[in-house]
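A structural walkthrough
Spelled out from the first residue to the last, the chains are:
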Number of protein chains: 4
Amino acid sequence: MERDGVLKFPVVSVNDAQTKHFFDNRYGTGQSTIDGIIRATNVLLAGRTLVVCGYGWCGKGVALRARGLGSRVIVTEVDPIRALEAAMDGFMVMPLSDAAPMGDVFITVTGNSGIIRREHFVRMKDGAMVCNSGHFDVEVDLPALQAEAEGTPAEVRNHVHEYRMKNGRRIYVIGEGRLVNLAAAEGHPPSVMDMSFATQALATEYCIKNRGKLSAAVHAVPREVEDFVARHKLASMGITIDELTVSQKKYMSGWEQGT
Amino acid sequence: MERDGVLKFPVVSVNDAQTKHFFDNRYGTGQSTIDGIIRATNVLLAGRTLVVCGYGWCGKGVALRARGLGSRVIVTEVDPIRALEAAMDGFMVMPLSDAAPMGDVFITVTGNSGIIRREHFVRMKDGAMVCNSGHFDVEVDLPALQAEAEGTPAEVRNHVHEYRMKNGRRIYVIGEGRLVNLAAAEGHPPSVMDMSFATQALATEYCIKNRGKLSAAVHAVPREVEDFVARHKLASMGITIDELTVSQKKYMSGWEQGT
Amino acid sequence: MERDGVLKFPVVSVNDAQTKHFFDNRYGTGQSTIDGIIRATNVLLAGRTLVVCGYGWCGKGVALRARGLGSRVIVTEVDPIRALEAAMDGFMVMPLSDAAPMGDVFITVTGNSGIIRREHFVRMKDGAMVCNSGHFDVEVDLPALQAEAEGTPAEVRNHVHEYRMKNGRRIYVIGEGRLVNLAAAEGHPPSVMDMSFATQALATEYCIKNRGKLSAAVHAVPREVEDFVARHKLASMGITIDELTVSQKKYMSGWEQGT
Amino acid sequence: MERDGVLKFPVVSVNDAQTKHFFDNRYGTGQSTIDGIIRATNVLLAGRTLVVCGYGWCGKGVALRARGLGSRVIVTEVDPIRALEAAMDGFMVMPLSDAAPMGDVFITVTGNSGIIRREHFVRMKDGAMVCNSGHFDVEVDLPALQAEAEGTPAEVRNHVHEYRMKNGRRIYVIGEGRLVNLAAAEGHPPSVMDMSFATQALATEYCIKNRGKLSAAVHAVPREVEDFVARHKLASMGITIDELTVSQKKYMSGWEQGT
């Protein structure tokens, strides 16, 4: 909207704050997505192949936690830098059409739409499970799945619908393609949302204090707000850290010394 | 009972089978214990300190999964070899009395009794959570906790009781000290119990087929049964493996060649 | 220099490129630092406590690899957001003075100076090892160590100097506080430097092609250069990835649809 | 030899001691094998595919460390239980002929012979690296490789021989198929060999003290020896552990109470 010149008021981009996306998106989504899948299906993740579509902060969190629970993890991406990062992090990286017949569980976390499509569903194994934790319910193309299925999907467990495919296989959709951590679990734990809410509250305070001074554009959360939130969070965890010495501050701001 | 000469019939020790304890105890208990804790408390494990009492197969599984979800993990043990193994696996190892003030969540998986006692409860942080996944409800000494608490514990969430300590702190007991994966989750996933049940069924068949031939002692599950179960499990996962060549079989059974 | 108005020509900040710091700093420094320590000392990392000073990209890499080799890892930081990230990643976080008596190996990767100082050396265990992989040889305060030591340090292995402290303990300095991966190993592997060099070459080409058009300021590496390098790297690894569909491109650039 | 009735004196099987194989084979071989590969080739392990042939204690150690350094790891096995364990630990498991075209580095740790054979070499990628850390130089079938190669292999780096295959590809053999940690690195670190040597020394003392009392068979290392070694090792690491209480000892030896 800023780019199109139709943004009419200042916006502070809390979702881009480090105290938001580093923590809420990665650690929160990571755990709660896996939690949603396990609550809905009671599946053992050890030994299974998980396909994570998207390697942004949320995807990183989900891939990391899936590995931490013993799964083999395949990452799919459209961004070459993120794809490379996933490969260097030890994950298998390939197009989704190649991953489709290998996966036991598929999770979309891209923020885009139409990620898992007809050509993927028809290649999946009997019993494959599909869910979304990325944005809203447009990442898994359910109409395309329904078009390949016979009859109406049956809810075989709470939040789990079984689609009987024309090719004879069964595909299980968790939480109807909505955010699986909200649909089948309790969403993010309070101990990570506290930071997001604190950042939102303080960013709002910042807007009010700077009323009339901020342009009608997207602004970053001020560094002071981020540090304030992080320091209080550390204190609540009983963690203290080092402080820069006077000579270190001088060293960091200078450019006279160097390699 | 065998040692005391009071065992009156043959016993096949299915719990000691590799297809049981390697998989059910480690991977099953690992995931389902964490699952029980998260369902009961919705706590974020990343950044928290978990204390795992006992580093047998179950303890290994719980410690591994807790780390996989981002926790710092402390292991307590009485067996020096297991303690050393935990240390070499990268975990902190210390007596429980030292770990008591550091832990956010305590999990007993020892198979013994009276693990978390009065002297530990009084040193714990405000808000510490305590549960058991090891044997049955004798690992966490709840009477000792009650003796240090004021009033009756309140159930503040399903399966979570709050004890208000005389020292002003609150301790939360999950699942009343019973197996937390059964109390607060669904127990082990079917995909690991299948192996345990198959081993039990085949061990029973083995007993019947060998009726009258087995002494009144504790017998191991025959290797053939274990291999049979493992091969079928691999097949169900779509995994094939190598076979020994003729010359390899010869090499392995010989002792003429050597380093 | 830009801030002080003394930068007289355009600069492209290759070190801030994602294809540089994501990969070279993290994966390159991570492995080669550990490699330098092992080559110099032949120490088993499993079961040992490593203290990593600094949790930037290099510090993240070193901490991750140290954990991957079985060490308990303590992170020290001055930045609260990074400290929090380290804690959420499962590392112990504390001031260096608290970590000093716990560490077996200390590694500085801060880019600052005077990190390990007199007050830290005197608290270290007998046999503690100290090295730097961060910037250049000002992170470990060797003059301060020498002032606490008796006599001249002896080179007890190649690249390892033993300081005999007045308190009777011995401290081992690897690579004289210079970059340990260069001093005691072979620096970064070619398979990560290829990306850094490609980015440098293409950034230089960009400067030449845009001669006269770039202001005397610090410029970011163009996104096209980064994508080009990443795509070629993926191809060299035999990895192919998905492409955005037409409707996905449209979805991503729009703001009409939303949660 | 015991089985063939040709063992003429008592043998104490130190290699089967927990204080030996848990630690030396797993943690020692794990680190030193990787160390040998990196010293010989300076290859970055992050993002590469390692194929570990064998999932015994040594193979477990190598696979764990390779993953810890960012590699994708494929395990090959002939034993279904070990294969299943590898799969549940999150590794890819497949026959070696399937893994041959996928691997960047191959490591044999089986204790058997003729593991990597002609049919595997011809399927490998250009630039594949092959080494052994398992037994002695019979695991990698070098004569078969030579038969597929043209000319004499050239030593392109210390301990690295390049075989130019008739199919146009190059295969690199590290350490001539001998134990790579001895050929190209320093063998196991002292901090793990100390335990193996202590166990050997104490097992020898045990033999002498029991002269004439031990049958001409293979005996296990006495539990007391193992505990003694483990306790001293823990003490040297500054680690103390819990002791069983009187009531716990009673509980453990009883069978009256139960689930």
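In every chain, residue numbers begin from 1 and rise along the written sequence. Chain letters and ligand numbers both follow the written order, the letters beginning at A and the numbers at 1. Local features in a predicted model are, by the rule used here, given only for residues with pLDDT of at least 70; side-chain atom pairs are given and counted only at 80 or more, and totals for whole chains, interfaces and linings are based on all residues. Hydrogen atoms and water are omitted, and side-chain values are computed over all heavy atoms in the structure.

1. Comments concerning the sheet that holds strand β5 (residues 105–108) of chain D
Adjacent strands of a sheet pair through backbone hydrogen bonds, lying either parallel or antiparallel. Residues and elements named next belong to chain D. Here, strands pair whenever DSSP counts at least two bridges between them. Under the DSSP-based scheme used, a helix requires at least four consecutive residues in state H or I and a strand at least two consecutive residues in state E, with every element numbered from the N terminus. One open sheet accounts for eight strands, arranged β4-β3-β2-β5-β6-β9-β8-β7; its pairing is mixed. Each edge of the sheet is formed by a strand with only one pairing partner; in this case those strands are β4 (92–93) and β7 (154–157). Pairing of β7 with strand β8 (residues 160–164), which is carried by three bridges, proceeds in the antiparallel orientation. Paired with A154 across the two strands is E162, which belongs to β8.

2. Section: the packing of aromatic side chains
Residue and element names in this part refer to chain A. Each pair of aromatic rings taken from Phe, Tyr and Trp, with Trp reduced to its six-membered ring, is defined by centres within 6.5 Å and is described as stacked if the planes are under 30 degrees apart, edge-to-face if over 60, and tilted in the remaining cases. Tallying each qualifying case throughout the model produces eight aromatic pairs over all chains. Arranged with centres 5.7 Å apart and planes meeting at 35°, the rings of F23 and Y27 form a pair that is tilted. Of this pair, F23 and Y27 both sit in helix α1 (residues 18–41), four residues apart, which is roughly one turn of the helix. In this pair, the class of F23 matches that of Y27, namely buried. In this scheme, Lys NZ or Arg CZ marks a charge over a ring once it lies within 6 Å of the ring centre and within 35 degrees of the ring normal. Its guanidinium or amino end placed over the ring of W57, K60 lies 5.3 Å from that ring's centre, counting from NZ or CZ. Each residue is assigned to one of three classes by its accessible area relative to the maximum for its type, calculated with a 1.4 Å probe on protein chains only: buried under 20%, partly exposed between the two thresholds, exposed over 50%.

3. Section: the interface of chain A and chain D
Taken together, the contact pairs 12 residues of chain A with 12 residues of chain D. Here the quantity called buried area is the total loss of accessible area, with a 1.4 Å probe, experienced by two parts when brought into contact, counted for both. Roughly 860 Å² of surface becomes buried between chain A and chain D when both sides are summed, with 64% attributable to carbon and sulfur atoms. Three residues stand out in chain A for area buried against chain D, namely R72(A), M88(A) and M92(A), and they jointly supply 48% of the buried area on that side. The salt bridge criterion pairs a side-chain nitrogen of Lys or Arg with a carboxyl oxygen of Asp or Glu, the two atoms within 4 Å. Connecting chain A to chain D are zero salt bridges. Classifying every residue of the side of chain A that touches chain D by side-chain character gives six nonpolar, four polar and two charged. In this description, contact between two residues means that some pair of their heavy atoms is separated by no more than 4.5 Å. Classes in brief: Ala, Val, Leu, Ile, Met, Phe, Trp, Tyr, Cys and Pro nonpolar; Asp, Glu, Lys and Arg charged; the others, Gly included, polar.

4. Here we look at the packing of helix α1 (residues 18–41) of chain B against helix α3 (residues 80–88) of chain D
For any two helices packed against each other, one specifies the inter-axial angle together with the distance between the axes. α3(D) packs onto α1(B) with a crossing angle of 5° between their chain directions and a minimal axis gap of 11 Å. Compared by their axis directions, α1(B) and α3(D) come out roughly parallel. Where α1(B) abuts α3(D), its residues Q18(B), T19(B), F22(B), F23(B), R26(B) and Y27(B) lie against I81(D), L84(D), E85(D) and M88(D). Within the contact of α1(B) with α3(D), the residues separate by chemical class into six nonpolar, two polar and two charged. Angles here are taken between N-to-C directions and fall from 0 to 180 degrees, while the axes themselves are lines fitted to C-alpha atoms, restricted in helices to the stretch in contact. Any angle that falls under 35 degrees is termed roughly parallel, while one over 145 is termed roughly antiparallel, one within 65 to 115 roughly perpendicular, and all others oblique.

5. Here's the deal with the interface of chain A and chain C
Contacts between the two partners involve 59 residues from chain A and, on the opposite side, 59 residues from chain C. Summing both sides of the interface, chain A and chain C together bury roughly 5,200 Å²; the carbon and sulfur share of this comes to 63%. The partner of D79(A) in a salt bridge is R223(C), and the shortest N-O contact between them spans 2.8 Å. Here a polar contact means two N or O atoms within 3.5 Å. Within protein one must be a hydrogen donor candidate and the other an acceptor candidate, and residues neighboring in sequence count only if both atoms are side-chain atoms. Linking chain A to chain C there are 18 residue pairs in polar contact (both at pLDDT 80 or more). Every element with two or more residues in the side of chain A that touches chain C is listed here: α1, α3 (80–88), α9 (223–236) and α10 (246–253) of chain A.

6. What about the relation of the copies chain A and chain D?
Least-squares fitting of one copy onto the other uses the C-alpha atoms of those residues that reach a pLDDT of at least 70 in both copies. For the pair chain A and chain D, the relating rotation is 180°, the translation along its axis is 0.0 Å, and the fit reaches an RMSD of 0.0 Å. Within this description, the copies of the chain are treated as partners about a two-fold rotation axis. Minimal C-alpha separation from the rotation axis in chain A is found for R72(A), amounting to 4.7 Å. Both copies contact each other with a shared surface, as 100% of the interface residues of chain A are interface residues in chain D too.

7. A word on the environment of V73(B)
Residues and elements named next belong to chain B. Considering the arrangement of structural elements, one finds V73 in strand β3 (residues 72–76). For V73 and S32, which are 41 residues apart along the polypeptide, the C-alpha to C-alpha distance reads 17 Å. In this structure, V73 is in contact with L50, V52, A63, A66, R67, F91 and M92, ignoring residues within four places of it in sequence.

8. Digging into the side chain of S196(D)
With respect to the secondary-structure elements, S196(D) resides in helix α8 (residues 190–209). With sequence-adjacent residues up to four places away left out, S196(D) is seen in contact with K20(D) and D24(D).

9. Re unusual backbone geometry
Even without a glycine there, the phi angle at E176(A) is positive, about 55°. Note on placement: E176(A) falls in the loop between β9 (170–174) and α7 (180–183). Residues other than glycine seldom take positive phi values, yet H159(D) does so here, at roughly 70°.

10. Observations concerning the sheet that holds strand β3 (residues 72–76) of chain C
Residue and element names in this part refer to chain C. Read from one edge of the open sheet, eight strands run β4-β3-β2-β5-β6-β9-β8-β7, paired in mixed fashion. Only two strands of the sheet have a single neighbouring strand rather than two, namely β4 (92–93) and β7 (154–157). Bridge count for strand β2 (residues 49–53) against strand β5 (residues 105–108) is four bridges, and the pairing is parallel. Counterpart to C53 in the pairing with β5 is T108.

11. Observations concerning helix α8 (residues 190–209) of chain A
Helix span is expected to be 1.5 Å times the residue number reduced by one. Helix length check: α8(A) (20 residues) gives 28 Å between terminal C-alpha atoms against 28 Å at 1.5 Å per residue, within 8%. For α8(A), the complete set of buried residues consists of S191(A), V192(A), M193(A), M195(A), S196(A), T199(A) and A203(A). Where α8(A) is buried, its residues meet β1 (11–12), α1 and α9 of chain A together with α3 (80–88) of chain C.

12. So, the nonpolar core
Only buried Ala, Val, Leu, Ile, Met, Phe, Trp, Tyr and Cys residues count toward a nonpolar core, and they belong to the same one when joined by side-chain atoms within 4.5 Å. Counting 105 residues, the largest nonpolar core has F23(A) and F23(B) as its most contacted members. Every residue in contact with F23(A), bar those within four places of it in the chain, is listed here: Q18(A), G28(A), V192(A), M195(A), I81(C), L84(C), E85(C) and M88(C). Grouped together as the second largest cluster of nonpolar side chains are 98 residues, A40(A), L50(A), A86(B) and I174(B) included.

13. Considerations on the relation of the copies chain A and chain C
One copy of the chain maps onto the second through a rotation about an axis and a displacement along it. Overlaying chain A on chain C yields an RMSD of 0.0 Å, the required transformation being a rotation through 180° with an accompanying axial translation of 0.0 Å. When the interface residues of chain A are mapped onto chain C, 100% of them are again interface residues, pointing to one common binding face.

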